[in-house]
Amino acid sequence: MKRTLFRQRALAYLLIAPQLAVTAIFFLWPTGQAIVQSFQQEDAFGLHTSWVGLANYRALFSDPTYIQALGVTVVFTVAVTLSALVVALLLALAVDRLVRSATVYTTLLVWPYAVAPAVVGVLWWFLFNPTIGPLPYVLEQMGYQWDHSLHGTDAMILVVIAAAWPQVSYNFLFFVAGLQSIPASMREAAAIDGAGPAKRFFTITLPLLSPTTFFLAVVNLVYAMFNTFPVIHATTQGGPAGATDILVFKVYQDGFVALNLGSSAAQSVVLLVIVIALTAIQFGWMERRVQY
Amino acid sequence: MAAITLEGVGKTYAGGVDALPSIDLNIADGEFVVLVGPSGCGKSTLLRMIAGLESVTRGTIRIGERVVNTVEPAERDIAMVFQNYALYPHMTVRQNLAYGLKNRKMAKDEIARRVDEAAKILEIGPYLDRKPKALSGGQRQRVAMGRAIVREPAAFLFDEPLSNLDAKLRVQMRGEIKQLQARLGTTSIYVTHDQLEAMTLAHRLVVLNAGRIEQVGTPLEVYRKPASTFVAAFIGSPAMSLLTAEAAGGVARLGDATLALPADVTAIGEVVLGLRPEDLTPVPAGTEGAIPMTVSYIEELGAQRLIHGQTAGQGIVCAVPSDVEVGASLAVLPSSGALHVFDAKSGRRVN
């Protein structure tokens, strides 16, 4: 750690002031506001606010649509994280075998990460559009009637693909770097030790990649839970019948569309608790299982 | 245990780079052969071809009676010790040793027996349950060798295994490798760029230069009769001085000095004379056959001192006992039979 000593304290505070201001205005203030509001109820015209204690929370956990959203979020988050990790690892393994063309593929595979999330949503929405999209046409030839505005499963698959796609690029870059940092002699030693390609992958490569995988798992989980709002908003808007209604989307839907500010604030606080718990679990429990 | 035979073995990389034109070499069962040469001479490539980690462009490699050109590394019955040890960092020492045996579906108690035996031989018993990260360089080196010996292979391949160790440890491990090989009697091929390591370990030395074998022989043969100026300069420390001289009528003229050539040398014209520093003795100026030299600088080695100097505009080194006083110039006399003579054009030995 490099430490710089400042003679004048004022200068030190001045230098960190911008960051502190951003944190205070965009994080601390809204968080405090949400916590306060989660214990309040407002009338329809916003003229009168009253304290209601834990009523918002009680209503939330007895609301079947909220319970459903919890379940949907779990399925969505796990599906996005797993598919983004697995696809990225397969691509990285393929590129790692190449010598000369590796940089070309790497460059191409990184592009999706640069596409704006809302555009990603629209793109996949178009590709899977039952009326004008090419993919439902292909699926129909194979005997499957795709319609994500009617079938909950179709809708879930669509949002998972749309949300995982840009994340694959991100994971891919890290996996390629991770694979390149494994000395070739390690795999050669394993080959001489009689391990075939599959065995080498599972007993040498995968364990040696575990720090990368762990880091990406954390990043992907957080992404899928909290940063996928634009994708849902641009494709299914939580439908059909709440089949893709993840918690973050529901906060927006209940607060800014239905204007139930008390419930929306309570949901935000629940999300805050989930983030804190996730972080604690990931760094406390999973890190112990990471090799070397 | 097995003999290893290389017949016309060559390697050309994609893009036409000819790393090894053609190598012929017979390694007897139980022999310790050291491939030595400067970086880029192809010694590691050759070792990796024997291991099966590099494809063979031409020729045949036999381990025992079997041609192994296209056999998988795992099926060649060899074990390799890598320069960076290549220990699996996520496994304990015990798991590292057992990995190759487990992959071959060996019975559990047999694995345990072999691991314990290897641990005893290499004195790594106390570290069996540690991970490689928690070991020192020397201990890691032992584990890497342990991983090779538990397999009880037909041959050991060493790829510069000591170059990551500090000087003192290197000397110690060198001795241990030599003893271990003598004890196990397993055919071994050892690659190094360190001529001292090569000299001390080998039953037979193979000196490689630019993908070609310059000389094969026991360390003493190579030291006493280097086949070319390359070998002469490469083997031996301090290095042999090589001086260009004019040969005519059984003598060579080197500046003002006249040296008698060995009887079997018939060359006339330009030749290269090789003189080992330890074969030169200071004598009074004007002694017949002595080479006058001006002193550039002196290196103190403790047991002896090395006098670096010039004669007839060429560099020459002389080793003298550390109690000999040296002035600004002196004359040195080569001991009889110590003169190495090489052809000036081809660099090959002519006596």
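Quick caveat: nothing in here was measured; it's all calculated off a predicted structure.

### Some thoughts on the overall build of chain B
Thought 1: Along the backbone of chain B there are 8 helices and 20 strands.
Thought 2: Counting only C-alpha atoms, chain B reaches 75 × 45 × 35 Å along its principal axes.
Thought 3: Residues counted as buried form 52% of the 351 residues belonging to chain B.
Thought 4: For chain B, long-range pairs separated by at least 24 residues make up 66% of all intrachain contacts whose partners lie at least 6 apart in sequence.
Thought 5: Here chain B has roughly 15300 Å² of accessible surface; of this, 51% comes from carbon and sulfur atoms.
Thought 6: Computing the positive centroid from 37 side-chain charges and the negative centroid from 37, chain B places the two 9 Å apart.

### Brief notes about the nonpolar core
A general feature of soluble globular proteins is that nonpolar side chains tend to end up buried together.
Thought 1: Residues A:Phe76, B:Leu6 and B:Leu35 are the most contacted members of the largest nonpolar core, which totals 81 residues.
Thought 2: Per element, the largest residue contribution to this core is 13 residues, and it comes from helix α7 (residues 152–180) of chain A.
Thought 3: Beyond its immediate sequence surroundings of up to four residues, A:Phe76 is in contact with A:Met156, A:Val159, A:Val160, A:Ala163, A:Ala224, A:Thr228, A:Ile232 and A:Ile246.
Thought 4: Judged by nonpolar contacts, the second largest core, of 44 residues, contains B:Val36, B:Leu128, B:Val207 and B:Ile235.

### Brief notes about the confidence of the model for chain B
Thought 1: For chain B, per-residue confidence averages 90 on the pLDDT scale, and 100% of positions sit at 70 or higher.
Thought 2: Across the predicted assembly, pTM comes out at 0.79 and ipTM at 0.82.

### Here's the deal with the sheet that holds strand β1 (residues 4–12) of chain B
All names here are of chain B.
Thought 1: Taking strand neighbours across the sheet as the criterion, the 4 strands line up as β2-β1-β4-β5 in an open arrangement whose pairing is antiparallel. Edge positions in the open sheet fall to β2 (18–27) and β5 (66–67), since each of these has one partner strand only.
Thought 2: Where strand β4 (residues 58–63) lies against β5, 2 bridges are found, and the strand directions are antiparallel. Bridge assignment links Arg-62 to a residue of β5, and that residue is Val-67.
Thought 3: The strands that helix α1 (residues 43–51) touches are β1, β2 and β4; relative to β1, the one it contacts most, it runs at about 115 degrees.

### What about the pairing of strand β6 (residues 78–81) of chain B?
Where a strand is regular, its side chains alternate between the two sheet faces.
All names here are of chain B.
Thought 1: Burial of the side chains of β6 extends over both faces: Ile-78 and Met-80 are buried on one face and Ala-79 and Val-81 on the other.
Thought 2: With 4 bridges joining them, β6 and strand β7 (residues 155–159) adopt parallel strand pairing. When the bridges of β7 are listed, Val-81 appears paired with Phe-158.

What counts and what doesn't
- Each residue is numbered by its place in its chain's sequence as written, counting from 1.
- Chain letters start at A and ligand numbers start at 1, both assigned in the order the entries are written.
- This being a predicted model, a pLDDT of at least 70 is required before a residue's local features are given, and a value of 80 or more before pairs of side-chain atoms are given or counted; all residues contribute to the totals for chains, interfaces and linings.
- Side-chain metrics rest on all non-hydrogen atoms present in the structure, leaving aside hydrogens and water.
- To qualify as a helix, a DSSP run of H or I must reach at least 4 residues; to qualify as a strand, a run of E must reach at least 2; elements of each kind are numbered from the N terminus.
- Burial status follows relative accessibility: with a 1.4 Å probe on protein chains alone, a residue under 20% of its type maximum counts as buried, one over 50% as exposed, and anything between as partly exposed.
- By the convention used here, residues are in contact when the closest approach between their heavy atoms is within 4.5 Å.
- Accessibility throughout is a Shrake-Rupley quantity obtained with a 1.4 Å probe, and a residue counts as covered only by protein chains that appear here.
- A residue counts as positive if it is Lys or Arg and as negative if it is Asp or Glu; His and the chain ends are not included.
- Every charge is mapped onto a representative atom, which is NZ of Lys, CZ of Arg, CG of Asp or CD of Glu.
- Working definition of a nonpolar core: buried Ala, Val, Leu, Ile, Met, Phe, Trp, Tyr and Cys residues. They are joined through side-chain atoms within 4.5 Å.
- For every residue, the pLDDT score states the predictor's confidence, bounded by 0 at the bottom and 100 at the top.
- Following DSSP output, two strands are said to pair if at least two bridges run between them.
- The angle between two axes is taken between their N-to-C directions and runs from 0 to 180 degrees, where each axis is a line fitted to C-alpha atoms and a helix contributes only its stretch in contact.

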